[in-house]
Amino acid sequence: MTILVTGATGMVGRHVVAELVKTGHRVRALTRTPSAAGLPDGVEVVGGDLTDPPSLEPSLNGVERMYLFSVGRTARDVVAAAKWAGVRRIVVLSGALADTDDSEDGYLAVERAVEDSGLEWTHIRPGEFAANWLDWAPTIKEGRVVRRPYGAAVTQPTHEADIAAVAARVLVEDGHTGRTYTFAGPAALTTVAQVDAIGTAIGAAVRFDELDPAQARAEWISNGYPEAFVDWIFAMWAESVRAPAPTNQEWADIVPRLTGRPARTFAQWATDHATDFR
Ligand SMILES: NC(=O)c1ccc[n+]([C@@H]2O[C@H](COP(=O)([O-])OP(=O)(O)OC[C@H]3O[C@@H](n4cnc5c(N)ncnc54)[C@H](OP(=O)(O)O)[C@@H]3O)[C@@H](O)[C@H]2O)c1
């Protein structure tokens, strides 16, 4: 069968493509810029834009299953086009915090569009991506330092390859229709512990400079982060320092249960990305 991967050039999408290629199914990849896709041989790369549903027609032709990168505003039209083209199953890349965002551009809008379509659906809701910390690469490269507030904040980072492995599994395997899988990496870690793991991976000490939250807030906003986002994420980290959550074992168990192998640790993620930080 042919499986369409949208968001195929993304952090998770590239791994979804790689996982699906291993299954032997025909893999088609959607991108807005086919010439820059850089995907493996054997993958059919097709142009299209999820914000312009009619542009998806060539990519949907003959597709049975689809991995859907979340673009809320046009989700209903994208799903309708997929159904019309004969797609029978859609796996949505959503997020663990989906229920907190009911906006027209949020994950819930996409999840609901897919549920309402009558097609087979599975939602995958990963927690925080380990890859968010690629933001630290410039200062680690430059001065072996991370400057942040809330060094004691605890998160349970998820390796993008594990997110993709879950997505690929539920795309090809039966028994996941109508399920929502919320999951995260294998262990909750403080920010400082994550910085240390990157240091170990690159074989150099990386210092953590704890910033005053008010100063960091002003810096982030002047660097272009939306104020509402900064306040939201800082409040979450502050709460996590006040009451550090232990590993959410229910979330940690999903990757091993669905993929049949242990979830990748943050240390593994840091090793896989060592060249990004050197
Ligand atoms: N960061 C987190 O902690 C976290 C946690 C949970 C969920 N999530 C969600 O996970 C998703 C990010 O996944 P990711 O890291 O794999 O994505 P990513 O690296 O940001 O890449 C997304 C890809 O989607 C494609 N794309 C973007 N807009 C498009 C459009 N209008 N039409 C067609 N393709 C489009 C782009 O490819 P082209 O440029 O080639 O078209 C891009 O490479 C987001 O929805 C995010 O909200 C993130």
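Residues numbered from 1 in each chain as written. Predicted model: local features only at pLDDT ≥ 70, side-chain atom pairs only at ≥ 80, totals over all residues. Heavy atoms only, no water.

Taken domain by domain, the protein holds domain 1 (2-126) and domain 2 (130-157 + 186-246 + 264-277). One C-alpha centre belongs to domain 1, the other to domain 2, and the line joining them spans 30 Å. (Domains from an automatic or database assignment.)

The full count for this structure, using the stated rule, is 19 salt bridges. Glu19 is the salt-bridge partner of Lys22, the closest N and O atoms lying 3.5 Å from each other. Within this pair, Lys22 and its partner Glu19 are both found in helix α1 (residues 13-23), separated by three residues, close to a single helical turn. Where Glu64 meets Arg88, a salt bridge forms, and the shortest distance between an N and an O atom there is 3.7 Å. Of the two residues, Glu64 sits in the loop between α2 (57-60) and β4 (65-69) while Arg88 sits in the loop between α3 (75-85) and β5 (89-93), which places them 24 residues apart along the sequence. For Glu64, a relative accessible area of 26% gives the class partly exposed. Its relative accessible area of 47% is what places Arg88 among the partly exposed residues. Salt bridges linked by common partners bring Arg65, Arg89, Glu120 and Asp174 together as one network. (Salt bridge = Lys/Arg side-chain N within 4 Å of Asp/Glu carboxyl O. Helix = DSSP H or I, 4+ residues; strand = E, 2+ residues; numbered from the N terminus. Buried < 20%, exposed > 50% of the residue type's maximum accessible area, 1.4 Å probe, protein only.)

This part takes up the site of the ligand. The ligand sits among 22 residues. The nearest are Thr9, Val12, Thr31, Leu50 and Tyr107. For the ligand, a nitrogen atom lies 2.8 Å from a polar atom in the side chain of Asp49. Here Phe129 contributes a backbone N or O atom positioned 2.9 Å from an oxygen atom of the ligand. Within the complex, the protein chains bury 75% of what would otherwise be the 940 Å² of accessible surface of the ligand. Here the residues of the shell around the ligand are counted per class, giving eight nonpolar, 11 polar and three charged. (Near = heavy atom within 4 Å. Polar contact = N/O pair within 3.5 Å; in protein donor to acceptor, adjacent residues only side chain to side chain. Areas by Shrake-Rupley, 256 points an atom, 1.4 Å probe, with all protein chains shown as cover. Nonpolar A, V, L, I, M, F, W, Y, C, P; charged D, E, K, R; others polar.)

Structurally, Glu111 is set in helix α4 (residues 107-116). Not counting residues within four places of it along the chain, the set of residues in contact with Glu111 comprises Val92, Ser94, Ala98, His123 and Arg125. (Contact = heavy atoms within 4.5 Å.)

Below, the discussion takes up the UniProt feature "domain: NAD(P)-binding" (unreviewed entry) in the protein. The sites that UniProt annotates as "domain: NAD(P)-binding" (unreviewed entry) are residues 7-172. Secondary structure content for residues 7-172 is 34% helix and 20% strand, and the end C-alpha separation is 18 Å. (UniProt positions renumbered as here; feature names shortened; annotations may be inferred.)

Further remarks concern the sheet that holds strand β2 (residues 26-31). One open sheet holds the seven strands; their spatial order is β3-β2-β1-β4-β5-β6-β9, and the pairing between them is parallel. Only two strands of the sheet have a single partner each, and these edge strands are β3 (44-47) and β9 (179-183). On average, each strand axis in the sheet is tilted by 20° relative to the strand beside it, whichever way the strands run. Bridge count between strand β1 (residues 2-5) and β4: three bridges; the pairing is parallel. Bridge pairing in β4 places Leu4 opposite Met66. Running at roughly 170° to β4, α3 makes contact with β4 and β5 of the sheet. (Pairing = 2+ DSSP bridges. Axes fitted to C-alpha atoms, helices over the stretch in contact; angles between N-to-C directions.)

What follows is about the side chain of Thr6. With respect to the helices and strands, the residue Thr6 is situated in the loop between β1 and α1. Using a relative accessible area of 1% as the deciding quantity, one classes Thr6 as buried. There is a polar contact of 2.7 Å between the side chain of Thr6 and the backbone nitrogen of Phe69. Setting aside residues no more than four positions away along its own chain, Thr6 makes contact with Leu30, Leu50, Met66, Tyr67, Leu68 and Phe69.

Quick look at α3 now. When α3 is considered as a whole, its buried residues turn out to be Ala75, Val78, Val79 and Ala82. Across the axial projection of α3, the buried residues extend over an arc of 95°, all falling on one side. At its buried positions, α3 is contacted by α2, β4, β5 and α4. Once α3 finishes, Gly86 follows within two positions and takes phi at roughly 105°, a positive value. (Arc of directions from axis to C-beta.)

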